[in-house]
Amino acid sequence: IKQITADFDNIQLDETEEKPRIGIVGEILAKYHPTANNHLEKVLYEEGAEVVMPDLMDFFMYMAYDDVISYKMLAGKWLDKFKSEISIKLMEFYRRPMRKALLNSKRFSAPRTIEQIAALTKGHVSLGNLAGEGWFLTGEMLKLLADGVNNIICLQPFGCLPNHITGKGMIRELIRSHKGANIVAIDCDAGVSEVNQLNRIKLMLSVAKERLKNDVTA
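Keep in mind that this is a model prediction, so the values were computed, not measured.

(A) Region of the structure containing the overall build of the chain. Helix and strand counts for the chain stand at 10 helices and four strands. What you see in the chain, going N to C, is helices and strands ordered as α-β-α-α-β-α-α-α-α-β-α-α-β-α. The C-alpha atoms of the chain give a radius of gyration of 18 Å, which matches the 17 Å a tight globule of 218 residues would have. C-alpha extents for the chain along the principal axes are approximately 55 × 45 × 35 Å. Look at the contacts in the chain between residues 6 or more apart in sequence, and 69% of them connect residues 24 or more apart.

(B) How the structure looks around the sheet that holds strand 2 (residues 50–52). Taken in spatial order, the four strands make up an open sheet running 2-1-3-4, and their pairing is parallel. Two strands lie at the open edges of the sheet, namely strand 2 and strand 4 (182–188), each paired on one side alone. Taken over all neighbouring pairs, the strand axes of this sheet differ in orientation by 25° on average, direction set aside. Looking at chain direction, strand 1 (residues 21–26) and strand 2 are connected through three bridges and run parallel. Within strand 2, the position partnered with Arg 21 by the bridge is Glu 50. Against the sheet, helix 7 (residues 134–146) touches strand 1, strand 2, strand 3 (151–157) and strand 4, its axis set at about 170° to strand 1. Its contacts with the sheet put helix 10 (residues 194–213) on strand 1, strand 3 and strand 4, and the angle it makes with strand 4 is roughly 165°.

(C) Spatial organisation of the packing of aromatic side chains. The full count for this structure, using the stated rule, is 10 aromatic pairs. Each ring, one from Tyr 62 and one from Trp 135, has its centre 5.4 Å from the other, and the planes form 75°; the classification is edge-to-face. Taken together, the residues Tyr 62 in helix 4 (residues 56–73) and Trp 135 in helix 7 connect sequence positions 73 residues apart. In terms of burial, Tyr 62 and Trp 135 fall into one category: buried. Cluster of aromatic residues (ring-pair linked, three or more members): Phe 59, Phe 60, Tyr 62, Tyr 65, Trp 135 and Phe 136.

(D) Main features of the pattern of salt bridges. Applying the stated rule across the entire model yields 11 salt bridges. Across the pair Asp 147 and Arg 112 runs a salt bridge whose closest N-O atoms are separated by 2.8 Å. Linking Asp 147 in the loop between helix 7 and strand 3 with Arg 112 in the loop between helix 5 (78–103) and helix 6 (114–120), this pair joins segments that are 35 residues apart in sequence. The partly exposed category is assigned to Asp 147, whose relative accessible area is 36%. Judged by relative accessible area, Arg 112 falls into the partly exposed class, the value being 23%. Connected through shared salt-bridge partners, Asp 55, Asp 58, Glu 92, Arg 95, Arg 99 and Lys 143 make up one network.

(E) Inspection of the pairing of strand 1 at higher detail. A large share of strand 1 lies buried, amounting to five of its six residues. The sheet contact formed by strand 1 and strand 3 spans five bridges and is parallel. Bridging from a neighbouring strand, Gly 23 pairs with Ile 152 of strand 3.

(F) Geometry of the state of the cysteines. For the structure on display, the rule yields zero disulfides. Unpaired in terms of disulfides, Cys 154 finds its nearest cysteine sulfur in Cys 160, a separation of 9.1 Å. We classify Cys 154 as buried; its relative accessible area is 0%. Cys 188 takes part in no disulfide bond, and the closest cysteine sulfur, belonging to Cys 154, lies 9.5 Å away.

(G) Region of the structure containing unusual backbone geometry. Residue Asn 38 is not a glycine yet carries a positive backbone phi of 55°. Residue placement: Asn 38 occurs in the loop between helix 2 (28–32) and helix 3 (40–46). Residue Asn 38 is classed as partly exposed on the basis of its relative accessible area of 28%. Positioned with a positive phi, His 39 is a non-glycine residue whose angle comes to about 55°. You can see His 39 is positioned in the loop between helix 2 and helix 3.

Conventions and cut-offs
Residues numbered from 1 in each chain as written. Predicted model: local features only at pLDDT ≥ 70, side-chain atom pairs only at ≥ 80, totals over all residues. Heavy atoms only, no water. Helix = DSSP H or I, 4+ residues; strand = E, 2+ residues; numbered from the N terminus. Rg over C-alpha atoms; globule rule 2.2 N^0.38 Å. Contact = heavy atoms within 4.5 Å. Pairing = 2+ DSSP bridges. Axes fitted to C-alpha atoms, helices over the stretch in contact; angles between N-to-C directions. Phe/Tyr/Trp six-rings, centres within 6.5 Å; stacked < 30°, edge-to-face > 60°. Buried < 20%, exposed > 50% of the residue type's maximum accessible area, 1.4 Å probe, protein only. Salt bridge = Lys/Arg side-chain N within 4 Å of Asp/Glu carboxyl O. Disulfide = S-S within 2.5 Å.

So this is what it looks like as C-alpha cells:
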C-alpha cells in the first residue's frame, strides 16, 4: 500500500487545468450503483469534474456504530454495543496500513474514523436518526465540506423519507453554515426524467466552474 501511494504521488500532473471537485453522497444503492444513478460518475467526468466518492467501508462502520448510539441514547442492548465496537476495531485494524500510507502522502488524505464523522454532525442533526443512512448522510456531507469539497450531489430514491430528513432536508442548513457550499438533491427513480436530472447536475456544475474560475473555493 505504501508503494502504491508513493507511485500515485509521483505521477506528473497537468497543473494548468484545475477541475471542480464534486462529492457524491446519498442512499447506498443510488450512490454506488451506476445503473441506479444513470452512470453519474461518468457524466461528471465527461463534464470536466473530479469525482470524490466516500469510502464504502465507512457505511459498514456506521451500521455497526448505530448499536453504540442505540445503547447510549435509546433502548439498545449492551451486548449489541460490545459486538459492534469489536467489529469497528476489526475493520480499523485492516484499514490501518492504508491510513498510515495516506497520512504520509502529499496528495491524499487519510479516512476519518466513524467517531470523527459522528462528531462533525454536532449542532446539525441528532445521532438518534438511525433509519436508512440516518445521521451518517449528513456526516458524509459535512466530511466533504471539511475536506474542501464544497460541491455535493445528494442522491435519493423517490420518496425516501430518511433521506428527505437527513439528506435533502439538511441542504439549506449546510449552505447556511458553510460559506461556498453548492449542494443539489437528485431523485433516482425509473419514473424520473433523465434529462431533468442532467439539467440539475449541469446547473450545479456551472456554479462550481464559475466559482473556480473566480478563485472562489470549489
